[in-house]
2 protein chains.
Amino acid sequence: MGVADRFLSNATNKIDAKGRVSVPSVFRSVLARNGTQELYAYQDFIFPAISMAGAEILERFERQIATLDPFSEEANRMSLLVHGGGIFMKLDAEGRLQIPDFVRDFTGIADRVTFAGRGDHFQLWEPAAFEEMQARARRERMRPA
Amino acid sequence: MGVADRFLSNATNKIDAKGRVSVPSVFRSVLARNGTQELYAYQDFIFPAISMAGAEILERFERQIATLDPFSEEANRMSLLVHGGGIFMKLDAEGRLQIPDFVRDFTGIADRVTFAGRGDHFQLWEPAAFEEMQARARRERMRPA
DNA sequence: TGGGCATATATGGGCGTCAATGGGATTGCC
DNA sequence: GGCAATCCCATTGACGCCCATATATGCCCA
(Lines give C-alpha, C1' and ligand atoms only; values in the text may rest on other atoms or scores of the structure.)
Protein backbone atom coordinates (compact mmCIF):
# COMPACT_ATOMS: atom_id res chain seq x y z
CA MET A 1 0.00 0.00 0.00
CA GLY A 2 1.46 3.32 -1.05
CA VAL A 3 1.45 6.17 1.35
CA ALA A 4 -1.18 8.08 -0.58
CA ASP A 5 -3.50 5.09 -0.55
CA ARG A 6 -4.82 5.62 2.91
CA PHE A 7 -7.55 7.72 4.34
CA LEU A 8 -5.91 10.56 6.19
CA SER A 9 -6.94 13.86 7.79
CA ASN A 10 -10.43 15.17 8.37
CA ALA A 11 -12.79 17.65 6.77
CA THR A 12 -16.24 18.99 7.52
CA ASN A 13 -18.85 19.48 4.80
CA LYS A 14 -22.40 20.73 4.69
CA ILE A 15 -25.50 18.68 4.13
CA ASP A 16 -27.69 20.39 1.55
CA ALA A 17 -31.47 20.75 1.43
CA LYS A 18 -31.79 17.38 -0.25
CA GLY A 19 -29.78 15.56 2.38
CA ARG A 20 -26.57 15.20 0.36
CA VAL A 21 -22.93 15.77 1.38
CA SER A 22 -19.82 15.86 -0.74
CA VAL A 23 -17.25 13.26 0.21
CA PRO A 24 -13.93 15.16 0.39
CA SER A 25 -11.99 14.79 -2.81
CA VAL A 26 -8.92 13.41 -0.99
CA PHE A 27 -11.03 10.47 0.07
CA ARG A 28 -12.61 10.07 -3.34
CA SER A 29 -9.14 9.86 -4.87
CA VAL A 30 -8.24 7.01 -2.55
CA LEU A 31 -11.44 5.20 -3.46
CA ALA A 32 -10.75 5.67 -7.15
CA ARG A 33 -7.18 4.43 -6.76
CA ASN A 34 -8.42 1.32 -4.98
CA GLY A 35 -11.07 0.78 -7.62
CA THR A 36 -13.83 0.94 -5.03
CA GLN A 37 -17.26 1.34 -6.60
CA GLU A 38 -19.61 0.47 -3.81
CA LEU A 39 -19.20 1.62 -0.27
CA TYR A 40 -20.09 -0.50 2.72
CA ALA A 41 -21.23 1.51 5.74
CA TYR A 42 -21.73 0.27 9.29
CA GLN A 43 -22.06 1.58 12.78
CA ASP A 44 -18.66 1.76 14.39
CA PHE A 45 -18.06 -0.63 17.27
CA ILE A 46 -16.35 1.91 19.50
CA PHE A 47 -17.35 5.42 18.57
CA PRO A 48 -20.67 7.11 17.74
CA ALA A 49 -19.64 7.25 14.09
CA ILE A 50 -20.41 5.53 10.81
CA SER A 51 -17.50 3.73 9.22
CA MET A 52 -17.23 3.41 5.47
CA ALA A 53 -14.99 1.36 3.24
CA GLY A 54 -14.95 -0.83 0.17
CA ALA A 55 -16.63 -4.22 0.33
CA GLU A 56 -13.38 -5.97 1.22
CA ILE A 57 -13.83 -4.91 4.81
CA LEU A 58 -17.11 -6.77 4.97
CA GLU A 59 -15.33 -9.89 3.83
CA ARG A 60 -12.76 -9.35 6.52
CA PHE A 61 -15.48 -9.23 9.14
CA GLU A 62 -17.04 -12.37 7.75
CA ARG A 63 -13.76 -14.23 7.95
CA GLN A 64 -13.43 -13.11 11.54
CA ILE A 65 -16.91 -14.37 12.33
CA ALA A 66 -16.08 -17.66 10.64
CA THR A 67 -13.33 -18.26 13.19
CA LEU A 68 -15.88 -18.23 16.00
CA ASP A 69 -18.23 -20.93 17.17
CA PRO A 70 -21.29 -20.23 14.98
CA PHE A 71 -23.63 -20.79 17.94
CA SER A 72 -21.73 -18.54 20.30
CA GLU A 73 -23.19 -15.30 21.52
CA GLU A 74 -20.09 -13.55 20.25
CA ALA A 75 -20.60 -14.73 16.67
CA ASN A 76 -24.26 -13.79 16.76
CA ARG A 77 -23.62 -10.34 18.13
CA MET A 78 -20.96 -9.74 15.55
CA SER A 79 -23.16 -10.84 12.66
CA LEU A 80 -25.99 -8.71 13.95
CA LEU A 81 -23.77 -5.66 13.83
CA VAL A 82 -21.97 -6.41 10.61
CA HIS A 83 -24.87 -7.69 8.55
CA GLY A 84 -27.87 -6.21 10.29
CA GLY A 85 -26.26 -2.83 10.92
CA GLY A 86 -24.48 -2.43 7.62
CA ILE A 87 -25.63 -1.01 4.32
CA PHE A 88 -24.27 -0.41 0.82
CA MET A 89 -24.13 3.17 -0.37
CA LYS A 90 -23.00 4.78 -3.57
CA LEU A 91 -21.88 8.22 -4.60
CA ASP A 92 -23.65 10.34 -7.18
CA ALA A 93 -21.93 11.83 -10.21
CA GLU A 94 -20.58 14.76 -8.16
CA GLY A 95 -19.18 12.54 -5.43
CA ARG A 96 -21.93 13.15 -2.89
CA LEU A 97 -23.77 10.69 -0.73
CA GLN A 98 -27.24 10.71 0.79
CA ILE A 99 -27.34 10.71 4.56
CA PRO A 100 -30.01 8.24 5.65
CA ASP A 101 -31.88 8.59 8.92
CA PHE A 102 -30.09 5.77 10.68
CA VAL A 103 -26.85 7.69 10.23
CA ARG A 104 -28.35 10.78 11.83
CA ASP A 105 -29.79 8.77 14.68
CA PHE A 106 -26.63 6.89 15.43
CA THR A 107 -24.21 9.81 15.15
CA GLY A 108 -26.26 12.87 16.01
CA ILE A 109 -25.40 14.41 12.65
CA ALA A 110 -27.78 17.24 11.75
CA ASP A 111 -26.56 19.63 9.07
CA ARG A 112 -22.81 19.10 8.90
CA VAL A 113 -20.63 16.00 8.64
CA THR A 114 -17.02 15.54 9.65
CA PHE A 115 -15.21 12.99 7.51
CA ALA A 116 -12.33 11.44 9.42
CA GLY A 117 -9.65 9.30 7.81
CA ARG A 118 -8.81 6.04 9.58
CA GLY A 119 -6.20 4.52 7.34
CA ASP A 120 -8.03 1.71 5.57
CA HIS A 121 -11.46 3.32 5.99
CA PHE A 122 -13.04 6.61 6.91
CA GLN A 123 -15.77 7.72 9.26
CA LEU A 124 -18.72 10.09 9.44
CA TRP A 125 -18.97 12.08 12.65
CA GLU A 126 -21.07 14.82 14.14
CA PRO A 127 -18.49 17.66 14.06
CA ALA A 128 -18.58 18.54 17.78
CA ALA A 129 -18.47 14.88 18.80
CA PHE A 130 -15.39 14.37 16.68
CA GLU A 131 -13.62 17.35 18.20
CA GLU A 132 -14.37 16.20 21.66
CA MET A 133 -13.35 12.61 21.08
CA GLN A 134 -10.11 13.64 19.51
CA ALA A 135 -9.30 15.93 22.39
CA ARG A 136 -10.03 13.12 24.80
CA ALA A 137 -7.89 10.67 22.85
CA ARG A 138 -5.03 13.10 23.10
CA ARG A 139 -5.45 13.46 26.84
CA GLU A 140 -5.71 9.76 27.54
CA ARG A 141 -3.10 8.63 25.10
CA MET A 142 -0.23 8.18 27.50
CA ARG A 143 -2.09 6.70 30.37
CA PRO A 144 -0.64 3.49 31.70
CA ALA A 145 -2.57 0.56 30.26
CA MET B 1 22.70 9.49 8.91
CA GLY B 2 25.21 12.25 8.23
CA VAL B 3 25.28 15.39 10.32
CA ALA B 4 23.76 17.47 7.59
CA ASP B 5 20.82 15.08 7.33
CA ARG B 6 19.05 16.33 10.41
CA PHE B 7 16.77 19.22 11.02
CA LEU B 8 18.66 21.81 13.04
CA SER B 9 18.12 25.42 14.10
CA ASN B 10 15.00 27.49 13.80
CA ALA B 11 13.67 30.27 11.61
CA THR B 12 10.56 32.40 11.45
CA ASN B 13 8.79 33.18 8.19
CA LYS B 14 5.75 35.16 7.18
CA ILE B 15 2.41 33.80 6.07
CA ASP B 16 1.28 35.61 2.93
CA ALA B 17 -2.19 36.76 1.91
CA LYS B 18 -2.96 33.35 0.47
CA GLY B 19 -2.00 31.52 3.63
CA ARG B 20 1.37 30.22 2.44
CA VAL B 21 4.78 30.10 4.19
CA SER B 22 8.17 29.26 2.83
CA VAL B 23 9.80 26.29 4.49
CA PRO B 24 13.35 27.40 5.36
CA SER B 25 15.75 26.25 2.70
CA VAL B 26 17.96 24.43 5.23
CA PHE B 27 15.03 22.17 5.96
CA ARG B 28 14.16 21.76 2.32
CA SER B 29 17.71 20.61 1.64
CA VAL B 30 17.38 17.92 4.26
CA LEU B 31 14.10 16.79 2.74
CA ALA B 32 15.66 16.67 -0.71
CA ARG B 33 18.63 14.71 0.57
CA ASN B 34 16.34 12.18 2.21
CA GLY B 35 14.26 11.95 -0.93
CA THR B 36 11.14 13.02 0.93
CA GLN B 37 8.37 14.02 -1.45
CA GLU B 38 5.34 13.96 0.75
CA LEU B 39 5.23 15.34 4.23
CA TYR B 40 3.16 13.86 7.00
CA ALA B 41 1.98 16.44 9.53
CA TYR B 42 0.31 15.79 12.88
CA GLN B 43 -0.54 17.58 16.06
CA ASP B 44 2.31 17.05 18.45
CA PHE B 45 1.48 14.90 21.47
CA ILE B 46 3.28 17.15 23.94
CA PHE B 47 3.56 20.70 22.65
CA PRO B 48 1.11 23.06 20.94
CA ALA B 49 2.99 22.53 17.71
CA ILE B 50 2.59 20.69 14.43
CA SER B 51 5.22 18.07 13.72
CA MET B 52 6.24 17.28 10.19
CA ALA B 53 8.30 14.49 8.74
CA GLY B 54 8.46 12.03 5.89
CA ALA B 55 5.96 9.20 5.68
CA GLU B 56 8.22 6.81 7.63
CA ILE B 57 6.92 8.25 10.84
CA LEU B 58 3.35 7.44 9.88
CA GLU B 59 4.39 3.89 9.19
CA ARG B 60 6.06 3.77 12.57
CA PHE B 61 2.81 4.84 14.21
CA GLU B 62 0.90 2.25 12.24
CA ARG B 63 3.21 -0.55 13.27
CA GLN B 64 2.63 0.46 16.84
CA ILE B 65 -1.13 0.39 16.34
CA ALA B 66 -0.86 -2.98 14.66
CA THR B 67 0.46 -4.51 17.87
CA LEU B 68 -2.84 -3.77 19.57
CA ASP B 69 -6.20 -5.53 19.37
CA PRO B 70 -7.89 -3.76 16.45
CA PHE B 71 -11.19 -3.64 18.32
CA SER B 72 -9.71 -2.13 21.46
CA GLU B 73 -10.36 1.41 22.52
CA GLU B 74 -6.65 1.99 22.70
CA ALA B 75 -6.10 1.12 19.05
CA ASN B 76 -9.05 3.20 17.95
CA ARG B 77 -7.99 6.24 19.95
CA MET B 78 -4.53 6.03 18.53
CA SER B 79 -5.80 5.78 14.96
CA LEU B 80 -8.16 8.67 15.55
CA LEU B 81 -5.15 10.83 16.34
CA VAL B 82 -2.69 9.43 13.85
CA HIS B 83 -5.01 9.04 10.87
CA GLY B 84 -7.85 11.41 11.66
CA GLY B 85 -5.58 14.11 13.02
CA GLY B 86 -2.74 13.74 10.54
CA ILE B 87 -2.49 14.97 7.01
CA PHE B 88 -0.27 14.77 3.98
CA MET B 89 1.05 18.10 2.81
CA LYS B 90 3.15 18.96 -0.13
CA LEU B 91 5.27 21.92 -0.98
CA ASP B 92 4.60 24.09 -4.01
CA ALA B 93 7.22 24.77 -6.67
CA GLU B 94 8.75 27.52 -4.52
CA GLY B 95 8.98 25.37 -1.40
CA ARG B 96 6.01 26.84 0.42
CA LEU B 97 3.21 25.14 2.25
CA GLN B 98 -0.39 26.10 2.88
CA ILE B 99 -1.33 26.60 6.51
CA PRO B 100 -4.73 25.01 7.02
CA ASP B 101 -7.13 26.17 9.72
CA PHE B 102 -6.53 23.24 12.03
CA VAL B 103 -2.89 24.25 12.25
CA ARG B 104 -3.86 27.77 13.28
CA ASP B 105 -6.35 26.48 15.81
CA PHE B 106 -3.98 24.00 17.38
CA THR B 107 -0.89 26.20 17.54
CA GLY B 108 -2.23 29.73 17.73
CA ILE B 109 -0.33 30.63 14.57
CA ALA B 110 -1.71 33.78 12.97
CA ASP B 111 0.61 35.51 10.52
CA ARG B 112 4.06 34.14 11.26
CA VAL B 113 5.44 30.62 11.71
CA THR B 114 8.53 29.49 13.56
CA PHE B 115 10.09 26.37 12.06
CA ALA B 116 12.01 24.43 14.68
CA GLY B 117 14.39 21.60 13.85
CA ARG B 118 14.01 18.47 15.95
CA GLY B 119 16.54 16.12 14.45
CA ASP B 120 14.53 13.62 12.47
CA HIS B 121 11.59 16.00 12.05
CA PHE B 122 10.72 19.64 12.41
CA GLN B 123 7.87 21.57 13.96
CA LEU B 124 5.64 24.56 13.29
CA TRP B 125 5.19 26.91 16.22
CA GLU B 126 3.55 30.20 16.99
CA PRO B 127 6.69 32.38 17.39
CA ALA B 128 6.00 33.66 20.90
CA ALA B 129 4.99 30.22 22.14
CA PHE B 130 8.24 28.81 20.82
CA GLU B 131 10.31 31.49 22.54
CA GLU B 132 8.60 30.87 25.79
CA MET B 133 8.85 27.11 25.58
CA GLN B 134 12.51 27.31 24.75
CA ALA B 135 13.21 29.64 27.64
CA ARG B 136 11.44 27.29 29.97
CA ALA B 137 13.30 24.29 28.62
CA ARG B 138 16.55 26.12 29.27
CA ARG B 139 15.57 26.93 32.83
CA GLU B 140 14.37 23.46 33.71
CA ARG B 141 16.99 21.57 31.83
CA MET B 142 19.08 20.23 34.66
CA ARG B 143 16.47 20.09 37.34
CA PRO B 144 16.19 16.81 39.16
CA ALA B 145 13.29 14.85 37.69
C1' DT C 1 40.11 42.52 3.75
C1' DG C 2 36.61 44.85 1.55
C1' DG C 3 33.81 45.97 -2.47
C1' DG C 4 30.91 44.50 -5.85
C1' DC C 5 28.69 41.07 -8.53
C1' DA C 6 25.96 36.64 -9.05
C1' DT C 7 22.67 33.70 -7.20
C1' DA C 8 19.30 31.84 -4.11
C1' DT C 9 15.75 32.77 -0.92
C1' DA C 10 11.65 34.66 0.72
C1' DT C 11 7.65 36.88 -0.77
C1' DG C 12 3.90 38.84 -3.82
C1' DG C 13 0.38 38.25 -7.11
C1' DG C 14 -2.21 36.70 -11.82
C1' DC C 15 -4.88 33.18 -13.69
C1' DG C 16 -6.91 28.80 -14.83
C1' DT C 17 -8.90 24.63 -12.81
C1' DC C 18 -11.35 21.96 -9.62
C1' DA C 19 -13.98 21.13 -5.51
C1' DA C 20 -18.07 22.07 -2.86
C1' DT C 21 -22.59 23.54 -3.13
C1' DG C 22 -27.20 24.93 -4.97
C1' DG C 23 -31.07 24.04 -7.62
C1' DG C 24 -34.09 22.70 -11.81
C1' DA C 25 -35.79 18.88 -14.38
C1' DT C 26 -36.71 14.02 -14.95
C1' DT C 27 -37.43 9.39 -13.49
C1' DG C 28 -38.99 5.70 -10.63
C1' DC C 29 -41.77 4.03 -6.90
C1' DC C 30 -45.58 3.58 -3.69
C1' DG D 1 -50.52 11.53 -8.58
C1' DG D 2 -47.31 12.66 -5.00
C1' DC D 3 -42.99 11.99 -2.83
C1' DA D 4 -38.38 11.19 -3.07
C1' DA D 5 -34.28 9.90 -5.31
C1' DT D 6 -31.34 10.63 -9.44
C1' DC D 7 -29.44 13.14 -13.30
C1' DC D 8 -27.77 17.26 -15.09
C1' DC D 9 -26.13 21.93 -15.18
C1' DA D 10 -24.72 26.52 -12.88
C1' DT D 11 -22.13 29.24 -9.46
C1' DT D 12 -18.59 30.52 -6.37
C1' DG D 13 -14.71 30.31 -3.90
C1' DA D 14 -10.43 27.93 -2.93
C1' DC D 15 -6.33 25.99 -4.50
C1' DG D 16 -2.47 24.80 -7.66
C1' DC D 17 0.59 26.42 -11.15
C1' DC D 18 3.14 29.95 -13.01
C1' DC D 19 6.02 34.10 -13.22
C1' DA D 20 7.84 38.54 -11.03
C1' DT D 21 10.64 41.17 -7.59
C1' DA D 22 13.36 42.49 -3.60
C1' DT D 23 16.44 41.29 -0.23
C1' DA D 24 19.94 38.54 1.62
C1' DT D 25 23.67 35.49 1.00
C1' DG D 26 27.69 33.75 -0.68
C1' DC D 27 31.50 34.22 -3.96
C1' DC D 28 35.14 36.21 -6.56
C1' DC D 29 38.60 39.29 -7.30
C1' DA D 30 41.14 43.33 -6.63
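Residues numbered from 1 in each chain as written. Chains lettered and ligands numbered in written order. Predicted model: local features only at pLDDT ≥ 70, side-chain atom pairs only at ≥ 80, totals over all residues. Heavy atoms only, no water.

An unreviewed UniProt entry lists chain A under the name Transcriptional regulator MraZ, from Pseudohoeflea coraliihabitans.

In this section: the overall build of chain A. When helices and strands are counted, chain A shows five helices and eight strands. Reading the secondary structure of chain A in the N-to-C direction produces β-β-α-β-β-α-α-β-β-α-β-β-α. A globule of 145 residues ought to have a C-alpha radius of gyration of about 15 Å, and chain A, at 16 Å, matches this closely. By its C-alpha atoms, chain A is 45 × 40 × 35 Å across when sized along the principal axes. Sequence-distant contacts in chain A: of pairs separated by 6 or more residues, those separated by 24 or more amount to 62%. Per element, the accessible surface of chain A, about 7,800 Å² overall, is 50% carbon and sulfur. (Helix = DSSP H or I, 4+ residues; strand = E, 2+ residues; numbered from the N terminus. Rg over C-alpha atoms; globule rule 2.2 N^0.38 Å. Contact = heavy atoms within 4.5 Å. Areas by Shrake-Rupley, 256 points an atom, 1.4 Å probe, with all protein chains shown as cover.)

On to helix H2 (residues 56–66) of chain B, then. Counting along an α-helix, one turn takes 3.6 residues, and residues three or four places apart therefore face a common direction. All names here are of chain B. Within the span of H2, buried status applies to Ile57, Leu58, Phe61, Glu62 and Ile65. End-on view of H2: buried residues confined to an arc of 145 degrees, all on one side of the axis. With respect to the buried face of H2, the exposed residues turned more than 90 degrees away are Arg63 and Ala66. Elements that come into contact with the buried residues of H2 comprise strand E3 (39–43), strand E4 (50–53), helix H3 (73–84) and strand E5 (87–89). (Buried < 20%, exposed > 50% of the residue type's maximum accessible area, 1.4 Å probe, protein only. Arc of directions from axis to C-beta.)

Moving on, we get to the relation of the copies chain A and chain B. The transformation that overlays chain A on chain B combines an axial shift of 16 Å with a rotation of 22 degrees, and the residual RMSD is 0.8 Å. Of the residues that chain A buries at the interface, just 8% are likewise interface residues in chain B, meaning the two copies contact each other through different surfaces. (Least-squares fit on C-alpha atoms with pLDDT ≥ 70 in both.)

To continue, consider the interface of chain A and chain B. Across the boundary between the two partners, chain A contributes 26 residues, which contact 26 residues of chain B. Taking both partners together, chain A and chain B bury about 2,300 Å²; carbon and sulfur atoms supply 64% of that area. Between the two partners, chain A and chain B, sit three salt bridges. In this structure, the salt-bridge partner of B:Glu62 is A:Arg6, at a minimum N-O distance of 2.2 Å. Counting across the interface, chain A meets chain B through ten residue pairs in polar contact (both at pLDDT 80 or more). (Buried area = accessible area lost by both parts, 1.4 Å probe. Salt bridge = Lys/Arg side-chain N within 4 Å of Asp/Glu carboxyl O. Polar contact = N/O pair within 3.5 Å; in protein donor to acceptor, adjacent residues only side chain to side chain.)

Moving on: the layout of surface pockets. If a probe as big as a water molecule is rolled over the atoms, it shows which places are left empty. Size it by volume and the largest pocket reaches roughly 620 Å³. Mapped by element, the contributors of at least two residues to the lining of the largest pocket are helix H2 (56–66) of chain A together with H2 and H3 of chain B. A breakdown of the residues in the lining of the largest pocket according to their chemical character gives twelve nonpolar, six polar and five charged. Its boundaries defined by the atoms lining it, the second largest pocket holds a volume of some 480 Å³. Lining the second largest pocket are 18 residues, and of these A:Ser9, A:Val26, B:Ile87, B:Phe88 and B:Met89 sit closest to its centre. Listing elements by their share of the lining of the second largest pocket, those giving two or more residues are helix H1 (25–34) of chain A together with E5 and helix H4 (101–107) of chain B. For the lining of the second largest pocket, the element with the highest residue contribution is H1(A), accounting for five residues. (1 Å grid on protein atoms, 1.4 Å probe; cavity = no way out; pocket = protein on both sides within 12 Å on 5 of 7 lines; lining within 4 Å. Points joined across faces, edges and corners; volume = space filled by probe spheres on them. Nonpolar A, V, L, I, M, F, W, Y, C, P; charged D, E, K, R; others polar.)

Residues and elements named next belong to chain A. Position of Ala116 relative to the elements: it lies in strand E7 (residues 112–117). With 94 residues separating them in the primary sequence, Ala116 and Ser22 have C-alpha atoms 13 Å apart. Those residues in contact with Ala116 that lie beyond four places of it in its chain are Ser9, Asn10, Phe27, His121, Phe122, Gln123, Trp125 and Phe130.

Moving on, we get to the packing of aromatic side chains. A full pass over the atoms with the stated rule returns 23 aromatic pairs over all chains. Judged by centre distance (5.8 Å) and plane angle (65 degrees), the rings of B:Phe45 and B:Phe61 are edge-to-face. Taken as a pair, B:Phe45 in the loop between E3 and E4 and B:Phe61 in helix H2 lie far apart in primary sequence, 16 residues in all. On the numbers, 6.3 Å between centres and 45 degrees between planes, the contact of B:Phe115 with B:Phe122 is tilted. When its relative accessible area of 0% is taken as the criterion, B:Phe115 is described as buried. What links up through ring pairs into an aromatic cluster is the set A:Tyr40, A:Tyr42, A:Phe45, A:Phe61, A:Phe88 and B:Phe71. (Phe/Tyr/Trp six-rings, centres within 6.5 Å; stacked < 30°, edge-to-face > 60°.)

All names here are of chain A. Reading across the sheet, the six strands line up as E1-E7-E8-E4-E3-E5 and stay open at both edges, with antiparallel pairing between neighbours. The open sheet terminates on both sides in strands that have one partner only, identified here as strand E1 (10–14) and strand E5 (87–89). The sheet shows a mean angle of 30 degrees between the axes of neighbouring strands, direction not considered. Bridge count for strand E4 (residues 50–53) against strand E8 (residues 122–125) is three bridges, and the pairing is antiparallel. Bridge pairing links Ile50 to Leu124 in E8. Running at roughly 50 degrees to strand E3 (residues 39–43), H2 makes contact with E3, E4 and E5 of the sheet. (Pairing = 2+ DSSP bridges. Axes fitted to C-alpha atoms, helices over the stretch in contact; angles between N-to-C directions.)

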